[in-house]
Amino acid sequence: MKPLLHRIQKKLKMYKTWQLGLAFILFWTPVVIFLKIAGEIVERQPIKTDISILELIHRQASPTLDSIFLFFTTIGSVEYILPITLALLTYLIYRKRRHSALILFFGVGGAAAANLILKSLFHRDRPAFWQSLITETGYSFPSGHAMLSAALVLCVVAIVWRTKWRVPAIIIGGLVVFMIGLSRLYLGVHYPTDVVAGWSVSAIWVGIVVIVVHGILYEYHQKRLTIFTAHASNSKTNNPGHR
C-alpha cells in the first residue's frame, strides 16, 4: 500500500509543477505577442517590418526554393493536417490514452475554430506584392497553416513530453512548423505577423487545453489518493496488532 501511495503522491506533485510551467511559458508570453500584433492590425496601419521581411525573402526566390516551399505549404494545409490528426487520434483511442486523445482533439480542433473566428474578426487582406505560385482566398490574419501545424506539433510534444521522444518531437516538429510558416511568406500569401500571431494563438490555446486536461487528471489522482489513504487508515484501525 505504501509504495502505491508514494507513486500517486509523486504524480500529483509532477502535474502541479507541469501546470504552473505551462501557464507561464505557453500562455503569458504568446498572449503579449499576440496582443501587440493585434493592436497594430486594428489600427489598420502598415507594419513596416512585414513588408521589409517579405521583400527580403522574395529576393531569394529560385526554382529550387519554389519546390521546397510548395512542399511545406502543402503539408501544412488542412488537407494534410486533418488526416494526420485523425490518424493519431484513432491510435490514442485504440491505446486507451484518453487524456492524450482529449489534448489532441481539443488542441487541434480548437485552433482550427479559433482561426476561423479571428479571420472573421480582423478582416486583414492578404499581401499582394508579386504574383504568387499559389492562389489563396479569404483573410490573412492569422495564418491558418501556421496555427494548425503549430497546434498539432504542440499537442504531440505535450503527449510525448515524459518519453524519449520529447527531444525529437521538439526539434523535428519545430523545424517543420518553422518551414511551413516560412513557406507562407516565401509564397507571398501571408505577412510575417500573420504567421507569428498564428503560432502565438496556438501556443495559448494548446497551453490552456493541456492545463485543463492535466487538471482533470490531477483531480482523478487526488481522488485515488483520498480513497487509498482512507482504505489504509481503515485497515490499520481494523488490524491494531499489525506492524
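Residues numbered from 1 in each chain as written. Predicted model: local features only at pLDDT ≥ 70, side-chain atom pairs only at ≥ 80, totals over all residues. Heavy atoms only, no water.

A few words on the nonpolar core. Counting residues in hydrophobic clusters, the biggest one holds 35 residues, and the most contacted among them are Phe34, Leu104, Phe122 and Phe141. Mapped by element, the contributors of at least two residues to this core are α1 (2–42), α4 (78–94), α5 (98–122), α6 (144–159), α7 (166–186) and α8 (192–238). Looking at this core, the element that brings in the most residues is α6, giving 10 residues. Non-local contacts of Phe34, meaning those with residues more than four positions away in its chain, are made with Leu118, Phe122, Phe141, Ala197, Ser200 and Val201. (Core = buried A, V, L, I, M, F, W, Y, C linked by side-chain atoms within 4.5 Å. Buried < 20%, exposed > 50% of the residue type's maximum accessible area, 1.4 Å probe, protein only. Helix = DSSP H or I, 4+ residues; strand = E, 2+ residues; numbered from the N terminus. Contact = heavy atoms within 4.5 Å.)

Helix packing geometry: the angle between the two helix axes and the distance between the axes. Contact pair α4 / α5: the axes reach a minimum separation of 9 Å and the direction vectors enclose 160 degrees. With respect to α5, the element α4 is oriented roughly antiparallel. Between α4 and α5 lies a crossing of left-handed hand. Across the interface between the two elements, Ile81, Thr85, Leu88, Leu89, Leu92 and Ile93 from α4 touch Ser100, Ala101, Leu104, Phe105 and Val108 from α5. (Axes fitted to C-alpha atoms, helices over the stretch in contact; angles between N-to-C directions. Parallel < 35°, antiparallel > 145°, perpendicular 65-115°, else oblique. Left-handed = near helix turned anticlockwise from the far one by under 90°.)

This part is about unusual backbone geometry. With an omega of -10 degrees, the peptide bond between Phe141 and Pro142 qualifies as cis. Along the chain, Pro142 turns up in the loop between α5 and α6. Despite not being glycine, Lys96 shows a phi value in the positive range, around 60 degrees. Tracing the backbone shows Lys96 in the loop between α4 and α5. Residue His123 is not a glycine yet carries a positive backbone phi of 55 degrees. Inspection of the secondary structure assignment puts His123 in the loop between α5 and α6.

Quick look at the confidence of the model for the protein chain now. Predicted confidence across the protein chain gives a mean pLDDT of 84, with 77% of residues reaching 70 or more. Ranking the elements of the protein chain by mean pLDDT puts α1 last with 68 and α7 first with 96. (pLDDT = per-residue confidence, 0-100.)

Here we take up a nonpolar patch on the surface. Together, Leu102, Phe105, Phe106, Trp205, Ile208, Val212 and Ile216 make up an exposed nonpolar region whose accessible area comes to about 610 Å². Among the elements of the structure, α5 and α8 are those that each provide at least two residues to the nonpolar patch. The element that contributes the greatest number of residues to the nonpolar patch is α8, accounting for four residues. Position of Val212 among the secondary structure elements: in helix α8. (Patch = residues over 30% accessible without salt bridge, like charges linked within 9 Å, V, L, I, M, F, W, Y side chains within 5 Å. Areas by Shrake-Rupley, 256 points an atom, 1.4 Å probe, with all protein chains shown as cover. Salt bridge = Lys/Arg side-chain N within 4 Å of Asp/Glu carboxyl O.)

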